[in-house]
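Summary of the model geometry
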Amino acid sequence: MLALLGTGLLTLAVSPAHAEKRTLVLSAYPIAQPLFNKYVYAPFKEKCGCEIVVETGNNADRIAKLDARRDNPVVDLVLLSDFGMLEASRKGLIQPLDYSKLKNYSQIYPFARNPIGGNYAVGYTIYSVGLVYRTDKIKSLTSWKDLWRDDMKGRIALPDVSTTQGPLALQMADIAWGGKTENFSTGMQKILAIKNNVVTFSKNSAQLSSLFAQDEIWAAPVARFTWAQLMKTGMPLKWSIPAEGQAAGMNVMGIVNKSKNADLAYQLMDFWLSKEVQTALAMDLVDSPVNTQVVLPKDKAEFNTYGGEHIASLKFVKPETLLKHRSAWLEQWNKGISSK
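Residues numbered from 1 in each chain as written. Predicted model: local features only at pLDDT ≥ 70, side-chain atom pairs only at ≥ 80, totals over all residues. Heavy atoms only, no water.

1. Things to note about the overall build of the chain
- Within the chain one finds 12 helices and 13 strands.
- The C-alpha atoms of the chain give 21 Å as radius of gyration, which agrees with the globular expectation for 340 residues (20 Å, within 12%).
- Once the C-alpha set of the chain is aligned to its principal axes, its extents read approximately 65 × 40 × 40 Å.
- Long-range contacts, defined as pairs at least 24 residues apart, comprise 71% of the intrachain contacts of the chain with a sequence gap of at least 6.
- With the model as given, the accessible surface of the chain reaches about 15,000 Å², and the carbon-plus-sulfur share is 52%.
- When the 39 basic and 31 acidic side-chain charges of the chain are each reduced to a single mean position, those positions are 3 Å apart. (Helix = DSSP H or I, 4+ residues; strand = E, 2+ residues; numbered from the N terminus. Rg over C-alpha atoms; globule rule 2.2 N^0.38 Å. Contact = heavy atoms within 4.5 Å. Areas by Shrake-Rupley, 256 points an atom, 1.4 Å probe, with all protein chains shown as cover. Lys, Arg positive; Asp, Glu negative; His and termini not counted. Charge placed at Lys NZ, Arg CZ, Asp CG, Glu CD.)

2. Side note on the environment of Arg-224
- Topologically, Arg-224 is positioned in the loop between β10 (219–223) and α7 (227–231).
- Looking at Arg-224, the relative accessible area reads 8%, which means it is buried.
- Discounting chain neighbours no more than four positions away, the residues touching Arg-224 are Ser-128, Trp-239, Ala-301, Glu-302, Phe-303, Asn-304, Thr-305 and His-310.
- Of the polar contacts made by the side chain of Arg-224, one reaches the backbone oxygen of Glu-302; its length is 2.4 Å. (Buried < 20%, exposed > 50% of the residue type's maximum accessible area, 1.4 Å probe, protein only. Polar contact = N/O pair within 3.5 Å; in protein donor to acceptor, adjacent residues only side chain to side chain.)

3. Some words on the pattern of salt bridges
- Scanning all chains against the criterion turns up 15 salt bridges.
- Note that Glu-87 is salt-bridged to Lys-91, the shortest N-O span being 3.3 Å.
- Glu-87 gets classed as buried once you look at its relative accessible area, which sits at 19%.
- Here Lys-91 falls in the partly exposed class, since its relative accessible area comes to 35%.
- For Glu-182, the salt bridge identified is with Lys-324, shortest N-O distance 2.8 Å. Placement of the pair is Glu-182 in the loop between α4 (166–176) and α5 (185–193) and Lys-324 in helix α12 (residues 319–338), with a sequence separation of 142 residues.
- Salt bridges sharing partners connect three or more residues here, namely Lys-21, Lys-45 and Glu-51. (Salt bridge = Lys/Arg side-chain N within 4 Å of Asp/Glu carboxyl O.)

4. Overview of helix α3 (residues 82–90)
- With 8 of its 9 residues buried, α3 lies for the most part within the structure.
- Those residues of α3 lying buried are Asp-82, Phe-83, Gly-84, Met-85, Leu-86, Glu-87, Ala-88 and Ser-89.
- For α3, the secondary structure elements touched by its buried residues are α2 (59–68), β5 (77–81), β6 (94–95), β12 (246–256) and α12.
- Phi turns positive, to about 75 degrees, at Gly-92, one or two residues after α3.

Following this line, the structure appears as structure tokens:
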């Protein structure tokens, strides 16, 4: 079982008899770590005869740690958002991958292969952001533009631009309203124009569940990985794939530059991408699969970013676009939201 140490590391207990084993250090998000231990770490430990230590935190904190330890790295394998990995690669913190060492590479979606360019990463999970609405209050939502309808006033939530989902929703607003520039200026203008119609610009998914449950909102962009939680509110909710498509995010894996255990990192990476592991994670609603060989039953498929129609609808924000414009977006957003 994973135990949280004062150092900020999650580690699996190691007995003196096993002290000679090699140790693979993984940098990952803190969410769902017990389930990752169950489906990924524990079975891989048996397979490799090694130990696994997991350092957790958000993108920014973990990239800062990699940077601080660049000359003598502690972490071997790092899991980040696609734009986080691009930032890390530009700082020289990640080494190019040899995809021929990943036997499951050919089984993953094309968009998960070399997703940030330069052969620095491989995608391991995706999520969509569609529109969810109360069917007893709203007849239908078929376009992102529907959030601007008069009957939506005072009944919607939108993600704050500072969150991971903020730029994704910003892109979809830009697409819906015919934006032509890579900085999504049209989308920004349109969202700020209806700021007084928005109940809240949410900072996390738990907030959305509360707003729906308390009848404060009737519609919102929602990340697929929170859909199961929203259904527990008991409200009559429906997921809509708008005509313009769904926003999409991807998390990726990379090997730290100067890693002393790159061979083990490749093995864990390949294991993670396998049909068996990807299926297990999807079945327990931990992560949506990128392995195209995964087959899910209907009751599980409903809560994953999965299936032909769903996958075809995905619109990814280019990592380089996000890195280039995120500071300006935050500045415009804060100024626009605070102004009268």
